[in-house]
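Listed below are the residues making up each chain.
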Amino acid sequence: MRPIRQTRRIFLTLAGAPLFGLSSPDRKTFAGVPFSRIRRGRSRRRYLVIHGDERTAREVLIEHMKTHQGDAFLVSGRTRTVRPHLLEIDPNRMFSNGGTAKSLERLNASAATASIQREVRWIESQRHHLLKALLPPDGGVLIALHNNARGYSVSEEAPISNRVHLPSPSTPHEFFLATAESDFDLIARGPYNAVLQSEARGEDDGSLSRLCALRGIRYVNLECALGNRKAQSEMLAWLDGLLP
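The shown structure was predicted, so the numbers you read here are calculated from the model rather than taken from an experiment.

(A) Structural context of the packing of aromatic side chains. Under the criterion given, the structure shown has seven aromatic pairs. Aromatic pair Phe176 and Tyr192: ring centres 5.9 Å apart, planes at 80°, arrangement edge-to-face. Of this pair, Phe176 sits in strand S7 (residues 175–178) while Tyr192 sits in the loop between helix H6 (181–187) and strand S8 (193–196); the two residues are 16 residues apart in sequence, bridging distant segments of the chain. Through a chain of ring-to-ring contacts, the aromatic side chains of Phe30, Phe35 and Phe73 assemble into a single cluster.

Spelled out as structure tokens, the structure:
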């Protein structure tokens, strides 16, 4: 029989260890944007929380990774914008030069045109590092979690979508946005609102979903109202069990 002190030491060691196959979060920086990465097992799934102020999405994804395999990237900090180099930008507007310029101009009103152009060129030179980290390997899927708290809903996406599935119009803030028709077909059999955007329609906003549509990459955005943790957790678990 082990001494009580030794038994207690073993228990404390195990209690502080990560779950089987789950790495402790490590900090990575891509294109000047800092992320915490959680890796569990071997999977072609990628998960993303790209806005620091979307705390419900962050909490849901951290909990989800305790029981699901894949690589999760969570932007560091608690603000919506980041400063990858010299100017502020929305990190979900860094995926095209046009979207980058618009975001920089909006968030840095006093910056000179030359400064904006320099920042666009710098982000362009670094973008491949960000894409290499976040985009899934062939056959994989990227699941991004977002929260809305500014009136944004599925009604804004419907006009620029290829197809729309609205089984729950009374909850417009909870919906999926998919870029692959095969994924949308599966989602559209279920009880949740969804849109398909397999083509890059509308204004070039520099978003990751638009880039994935252009490149034919499987991407699903899970959108929920900020604070609606129950719905976002249920929708993520449902989606993860649904997608091949």
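(B) Geometry of unusual backbone geometry. At Ala31, a position not held by glycine, the phi torsion is positive, near 55°. By secondary structure assignment, the location of Ala31 is in the loop between strand S1 (26–30) and strand S2 (33–40). Look at Ala31 and you get buried, because its relative accessible area is 5%.

(C) Representation of the environment of Ser153. In this structure, Ser153 sits in the loop between strand S5 (141–148) and helix H5 (154–157). Each residue touching Ser153, except ones within four places of it in the same chain, is listed here: Pro172, His173 and Phe175.

(D) Representation of the state of the cysteines in the model. Applying the stated criterion across every chain, the model contains zero disulfides. Cys212 takes part in no disulfide bond, and the closest cysteine sulfur, belonging to Cys224, lies 20 Å away. With relative accessibility at 0%, the residue Cys212 sits in the buried group. Residue Cys224 is classed as buried on the basis of its relative accessible area of 0%.

(E) Just the pattern of salt bridges, in detail. One pass over the full model with this rule turns up 16 salt bridges. A salt bridge links Glu181 to Arg163, with the shortest nitrogen-to-oxygen separation between them at 3.1 Å. Pair noted here: Glu181 is in helix H6 and Arg163 is in strand S6 (residues 163–165), with a separation of 18 residues, a long-range link. Here Glu199 makes a salt bridge to Arg201, at a shortest N to O gap of 3.5 Å. Owing to a relative accessible area of 44%, Glu199 belongs among the partly exposed residues under this scheme.

(F) Looking closely at the side chain of Glu223. Inspection of the secondary structure assignment puts Glu223 in strand S9 (residues 219–225). Of the side chains bearing the opposite charge, Arg80 lies closest to the buried Glu223, which forms no salt bridge; the N-O distance is 7.0 Å. In this structure the side chain of Glu223 is engaged in a polar contact, spanning 3.4 Å, whose partner is the side chain of Asn221. In this view, Glu223 contacts His146, Asn147, Asn148, Tyr152, His173, Glu174 and Phe175; residues no more than four positions away in its chain are not counted.

(G) Broad picture of the packing of helix H3 (residues 97–107) against helix H4 (residues 113–134). Orientation of H3 relative to H4, taken along the N-to-C sense of each, is 135°, at an axis distance of 10 Å. In terms of axis orientation, H3 runs oblique to H4. The interaxial crossing formed by H3 with H4 has right-handed handedness. The residues of H4 that touch H3, namely those facing Asn97, Thr100, Ala101, Leu104 and Glu105, are Ile116, Glu119, Val120, Ile123, Glu124 and Arg127. Among the residues making up the contact of H3 with H4, the classes are represented as five nonpolar, two polar and four charged.

(H) Representation of helix H8 (residues 229–242) in the model. The end-to-end C-alpha distance of H8, which contains 14 residues, comes to 20 Å, matching closely the 20 Å that a straight helix rising 1.5 Å per residue would cover. Residues Ala231, Gln232, Met235, Leu236, Leu239 and Asp240 constitute the buried set of H8. Along the long axis of H8, the arc covered by the buried residues comes to 155°, so they all point the same way. Exposed side chains of H8 directed beyond 90 degrees from the buried face belong to Lys230 and Gly241. The inward-facing, buried residues of H8 contact strand S3 (45–49), helix H2 (55–64), S5, S7, H6 and S9.

Here is what the cut-offs are and how they apply
Residues numbered from 1 in each chain as written. Predicted model: local features only at pLDDT ≥ 70, side-chain atom pairs only at ≥ 80, totals over all residues. Heavy atoms only, no water. Phe/Tyr/Trp six-rings, centres within 6.5 Å; stacked < 30°, edge-to-face > 60°. Helix = DSSP H or I, 4+ residues; strand = E, 2+ residues; numbered from the N terminus. Buried < 20%, exposed > 50% of the residue type's maximum accessible area, 1.4 Å probe, protein only. Contact = heavy atoms within 4.5 Å. Disulfide = S-S within 2.5 Å. Salt bridge = Lys/Arg side-chain N within 4 Å of Asp/Glu carboxyl O. Lys, Arg positive; Asp, Glu negative; His and termini not counted. Polar contact = N/O pair within 3.5 Å; in protein donor to acceptor, adjacent residues only side chain to side chain. Axes fitted to C-alpha atoms, helices over the stretch in contact; angles between N-to-C directions. Parallel < 35°, antiparallel > 145°, perpendicular 65-115°, else oblique. Left-handed = near helix turned anticlockwise from the far one by under 90°. Nonpolar A, V, L, I, M, F, W, Y, C, P; charged D, E, K, R; others polar. Expected span 1.5 Å × (residues − 1). Arc of directions from axis to C-beta.

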